[in-house]
Amino acid sequence: MWKPLKSDTQYANFKILTSSSASGVTASDECMDLYQELKLKKKYKYILFKINDSKGNPEIVVDRAEENATYEDFKNVLANELKEEPRYAVFDFDYEKPGAGPRNKLVFFSWVPDMTSNVKLKMLYASSKDAIRKRLDGIGVEVQGTDAEEIDYAT
């Protein structure tokens, strides 16, 4: 039989459990703050997120945020600088729709390159994606990439 929760502590515990991923990883408040600045104020063109496990409590944190960048710049960062390192990212993508004018979509990327030799790291990123993705409202497209070809944009 269903029993209602009796205390605020029980409600607080429920909230904590639902805001983390299957792996127990949570997204930092800074991630959400910068995302809101990208989405609402157009302050950033893209944000990269990584899992930081330095304190023994894994958390998704901001790796970098770029104010002025093209899609090619962004793609080169993933495909070259981070060719062996997983990341999550959001890119504020502008494009032209024929006959309808300029458009904009927020694109979420789960970047887990094939060159990553650490299987444990691959599994951690795969099982932790929902910890950040579910908190990012307004995402129009989601892309999973393992190499540069998978994140190419074809006009």
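Since the structure is predicted, the reported quantities are computational estimates derived from the model, not experimental observations.

1. Side note on the sheet that holds strand β4 (residues 87–97)
Alright, step 1. Here six strands make up an open sheet; going across it, the order is β1-β3-β2-β4-β5-β6 and the pairing mixed. Edge strands, defined here as strands with exactly one partner in the open sheet, are β1 (26–27) and β6 (141–145).
Alright, step 2. The pairing of strand β5 (residues 101–111) with β6 spans five bridges and is parallel. Paired with Val107 across the bridge in β6 is Val141.
Alright, step 3. Packed on one face of the sheet, helix α2 (residues 29–41) meets β1, β2 (46–52), β3 (59–66), β4 and β5 and runs near 35 degrees to β3.
Alright, step 4. Helix α3 (residues 71–81) contacts β2, β3, β4 and β5 of the sheet and is inclined by roughly 25 degrees relative to β2.

2. Details of α2
Alright, step 1. Between its first and last C-alpha atoms α2 spans 17 Å; for 13 residues at 1.5 Å apiece the expected length is 18 Å, and the two agree.
Alright, step 2. Among all positions of α2, only Cys31, Met32, Leu34, Tyr35, Leu38 and Lys39 are buried. Down the axis of α2, the buried set is contained in an arc of 165 degrees. They therefore lie on one face. Exposed positions of α2 whose direction lies more than 90 degrees from the buried face are Asp29, Leu40 and Lys41.
Alright, step 3. Where α2 is buried, its residues contact β1, β2, β3, β4, β5 and α4 (119–133).

3. Comments concerning the nonpolar core
Alright, step 1. Phe49, Ile60, Tyr88, Val90, Ile132 and Leu136 are the most contacted members of the largest nonpolar core, which totals 23 residues.
Alright, step 2. Looking at this core, the elements with two or more residues in it are α2, β2, β3, β4, β5 and α4.
Alright, step 3. For this core, the leading source of residues is α2, giving five residues.
Alright, step 4. Core analysis: the second largest hydrophobic core is formed by 16 residues, Tyr46, Ala69, Phe74 and Leu78 among them.

4. Re the side chain of Ser128
Alright, step 1. For Ser128, the position within the fold is in helix α4.
Alright, step 2. Reaching out from Ser128, the side chain makes a polar contact with the backbone oxygen of Leu124 at a distance of 2.6 Å.

5. Comments concerning the pattern of salt bridges
Alright, step 1. On inspection of all chains with the given rule, the structure shows 12 salt bridges.
Alright, step 2. Of the charged contacts, one joins Asp63 and Lys50 as a salt bridge, the two residues approaching to 3.9 Å between their closest N and O atoms. With a gap of 13 residues between them, Asp63 in strand β3 and Lys50 in strand β2 connect regions that are remote in the sequence.
Alright, step 3. Take Asp63: its relative accessible area is 25%, and that puts it in the partly exposed class.
Alright, step 4. Overall, Lys50 belongs to the partly exposed group, its relative accessible area being 28%.
Alright, step 5. The shortest N-O distance in the salt bridge between Glu142 and Lys129 comes to 2.6 Å. Within this pair, whereas Glu142 is found in strand β6, its partner Lys129 is found in helix α4, the two being separated by 13 residues in sequence.
Alright, step 6. Residues participating in the shared-partner salt-bridge network are Lys50, Asp63, Glu85 and Arg87.

Definitions and cut-offs
Residues numbered from 1 in each chain as written. Predicted model: local features only at pLDDT ≥ 70, side-chain atom pairs only at ≥ 80, totals over all residues. Heavy atoms only, no water. Pairing = 2+ DSSP bridges. Helix = DSSP H or I, 4+ residues; strand = E, 2+ residues; numbered from the N terminus. Contact = heavy atoms within 4.5 Å. Axes fitted to C-alpha atoms, helices over the stretch in contact; angles between N-to-C directions. Expected span 1.5 Å × (residues − 1). Buried < 20%, exposed > 50% of the residue type's maximum accessible area, 1.4 Å probe, protein only. Arc of directions from axis to C-beta. Core = buried A, V, L, I, M, F, W, Y, C linked by side-chain atoms within 4.5 Å. Polar contact = N/O pair within 3.5 Å; in protein donor to acceptor, adjacent residues only side chain to side chain. Salt bridge = Lys/Arg side-chain N within 4 Å of Asp/Glu carboxyl O.

These results come straight from atomic positions and should not be treated as a statement about function.
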